[in-house]
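A structural walkthrough
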Amino acid sequence: MASLRGLVPDPTATPAVLQISLWRRLKDYLATAFAISTVVIVLAPLVAIFGYLVYRGIGSLNLAFLTQIPKPPGELGGGMANAIAGSALILAIASLIGVPLGIGAGIYLAEYGQNRFGDSVRFVSDVLNGVPSIVIGIVAYAIVVLRQKHFSALAGGVALAIMMVPTITRTTEEMLLLVPNVLREAAYGLGVSRWRTTLSIVLRTATSGIITGVMLAFARVAGETAPLLFTAFGNQYWNWKLDQPTAALPLQIFTYAISPYDDWHRQAWAGALVLIVLIVSAVAAVRYAVRRGTLGGVA
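Report follows, based on the coordinates. Everything numeric in this text was worked out from a predicted model, so none of it was measured.

Quick notes on the rules
- Residues numbered from 1 in each chain as written.
- Predicted model: local features only at pLDDT ≥ 70, side-chain atom pairs only at ≥ 80, totals over all residues.
- Heavy atoms only, no water.
- 1 Å grid on protein atoms, 1.4 Å probe; cavity = no way out; pocket = protein on both sides within 12 Å on 5 of 7 lines; lining within 4 Å.
- Points joined across faces, edges and corners; volume = space filled by probe spheres on them.
- Helix = DSSP H or I, 4+ residues; strand = E, 2+ residues; numbered from the N terminus.
- Nonpolar A, V, L, I, M, F, W, Y, C, P; charged D, E, K, R; others polar.
- Contact = heavy atoms within 4.5 Å.
- Salt bridge = Lys/Arg side-chain N within 4 Å of Asp/Glu carboxyl O.
- Axes fitted to C-alpha atoms, helices over the stretch in contact; angles between N-to-C directions.
- Parallel < 35°, antiparallel > 145°, perpendicular 65-115°, else oblique.
- Polar contact = N/O pair within 3.5 Å; in protein donor to acceptor, adjacent residues only side chain to side chain.
- Phe/Tyr/Trp six-rings, centres within 6.5 Å; stacked < 30°, edge-to-face > 60°.
- Buried < 20%, exposed > 50% of the residue type's maximum accessible area, 1.4 Å probe, protein only.
- Expected span 1.5 Å × (residues − 1).

As for the layout of surface pockets
The computed volume of the largest pocket comes to approximately 150 Å³. Taken together, Ser95, Val99, Ile103, Ile210, Ile211, Val214, Met215, Phe218, Ala282 and Val286 make up the full set of residues lining the largest pocket. If you list the elements that add at least two residues to the lining of the largest pocket, you get helix H3 (81-111), helix H9 (207-222) and helix H12 (262-292). If one sorts the elements of the lining of the largest pocket by residue count, H9 sits on top with 5 residues. Considered class by class, the residues forming the lining of the largest pocket number 9 nonpolar, 1 polar and no charged.

Things to note about the environment of Ile58
Of note, Ile58 is situated in the loop between helix H1 (15-57) and helix H2 (63-67). Sequence-wise, Ile58 and Ala187 are 129 residues apart; in three dimensions their C-alpha atoms are separated by 55 Å. When residues no more than four places from it in sequence are discounted, the contact partners of Ile58 are Leu53 and Leu273.

Description of the pattern of salt bridges
With the rule as written, the count across this model stands at 6 salt bridges. For the salt bridge of Glu173 with Arg170, the shortest nitrogen-to-oxygen distance reads 2.5 Å. Within this pair, Glu173 and its partner Arg170 are both found in helix H6 (residues 153-177), separated by 3 residues, close to a single helical turn. Ionic contacts of the salt-bridge type, sharing partners, join the residues Asp119, Arg122, Asp126, Arg170 and Glu173 into one network.

A short note on the packing of H3 against helix H11 (residues 249-257)
Axis separation between H3 and H11 bottoms out at 7 Å; the angle between their running directions is 140°. Put simply, H3 runs oblique to H11. Between H3 and H11, the residues in contact are Ala83, Ile84 and Ser87 and Leu249, Pro250 and Gln252, respectively. Residue composition of the contact of H3 with H11, by class: 4 nonpolar, 2 polar and no charged.

Overview of the side chain of Ser133
In this fold, Ser133 is placed in helix H5 (residues 133-148). A distance of 3.0 Å separates polar atoms of two side chains, one belonging to Ser133 and the other to Glu224.

Overview of the packing of aromatic side chains
Throughout the structure, instances matching the rule amount to 8 aromatic pairs. For the ring pair Tyr52 and Tyr55, a centre distance of 6.3 Å and an interplane angle of 35° mean the geometry is tilted. Residue Tyr52 and its partner Tyr55 are located together in helix H1, separated by 3 residues, close to a single helical turn. You can call Tyr55 exposed: its relative accessible area is 64%. Between Tyr261 and Trp264, the ring centres sit 5.2 Å apart and the planes meet at 70°, which makes this aromatic pair edge-to-face.

Section: H9
Between its terminal C-alpha atoms H9 stretches 22 Å, which fits the 22 Å expected from 16 residues at 1.5 Å a residue. Within H9 the residues assigned to the buried category are Thr207, Gly209, Ile210, Ile211, Gly213, Val214, Met215, Ala217, Phe218, Val221 and Ala222. Among the structural elements, H3, H6, helix H8 (194-205), H11 and H12 are those in contact with the buried residues of H9.

Concerning empty space enclosed by the protein
What the rule picks out here adds up to 1 cavity of 30 Å³ or more. Ser87, Ile90, Leu91, Leu160, Val221, Ala222, Glu224, Leu228, Ala248 and Pro250 together form the lining of the largest cavity. Secondary-structure elements contributing two or more residues to the lining of the largest cavity are H3 and H9. Sorting elements by how many residues they give to the lining of the largest cavity places H3 first, with 3 residues. Per-class residue counts for the lining of the largest cavity are 8 nonpolar, 1 polar and 1 charged.

Concerning H11
Restricting attention to buried positions, one finds in H11 the residues Leu249, Pro250, Leu251, Gln252, Ile253 and Tyr256. Looking at the packing, one finds that the buried side of H11 touches H3, H9, helix H10 (226-229) and H12.

What about the environment of Leu96?
Considering the arrangement of structural elements, one finds Leu96 in helix H3. In this structure the C-alpha to C-alpha distance between Leu96 and Gly157, which are 61 residues apart in sequence, comes to 8.9 Å.

This is the structure in structure tokens:
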């Protein structure tokens, strides 16, 4: 076939033709090798960091670490159970605030935002996505902590929600724009209203990609420490009240890491390992549910 010429050597071909074919194969091998090497370069630091984290933290992981609260300074033992629970509480608050706002803003930008106001929202989202987390913590301190006159889990959740919104907004917009217009036109032809088409057809079709964006935002904020220093502040005891200072894994790791106690340093490594495992487990569980169709809708 004519399409195979240059790929399969022809016995009757001239040496120049054979040389061109070999040169194409060589370029293909070089491009493949380059692509594989870039993947290795990207993954090698991640694997090295995770391996070192396991090496330093696995020795301090035990039942007490996962079930007990911190011991007083200078005493051996204790754990970060209250910090694990506090992180779950703060992240739940952040998700309840940030996910609906982000998805709603993304729907507006994709379906109704082809105007100057939509351009302004996109610009603000892009800028907010690059704002340092400590600045967002100061903003949450000003709008929540100063009004409450004390630190709280709610303030921490608000700070993390602000960080989640721009990522979810832009991801949702891009996923909705990938939905073919044919689906919208078919719904309009059947007499379905625009808002119903957006919610029941367009949004449902893009559910898988939107959930992936939500999990990316969740993974980003789960390990943030700076915003929580100005908002949640930390707590050495159990707390389930939204209006009280609350422990969190990033805060506890930071406190232990800068302490002069070797036992606290070991627990800081263990806490970092637990934090990474929890984030990876949460993201993997959601992705598995999406692939199985539990959350993926018709996508």
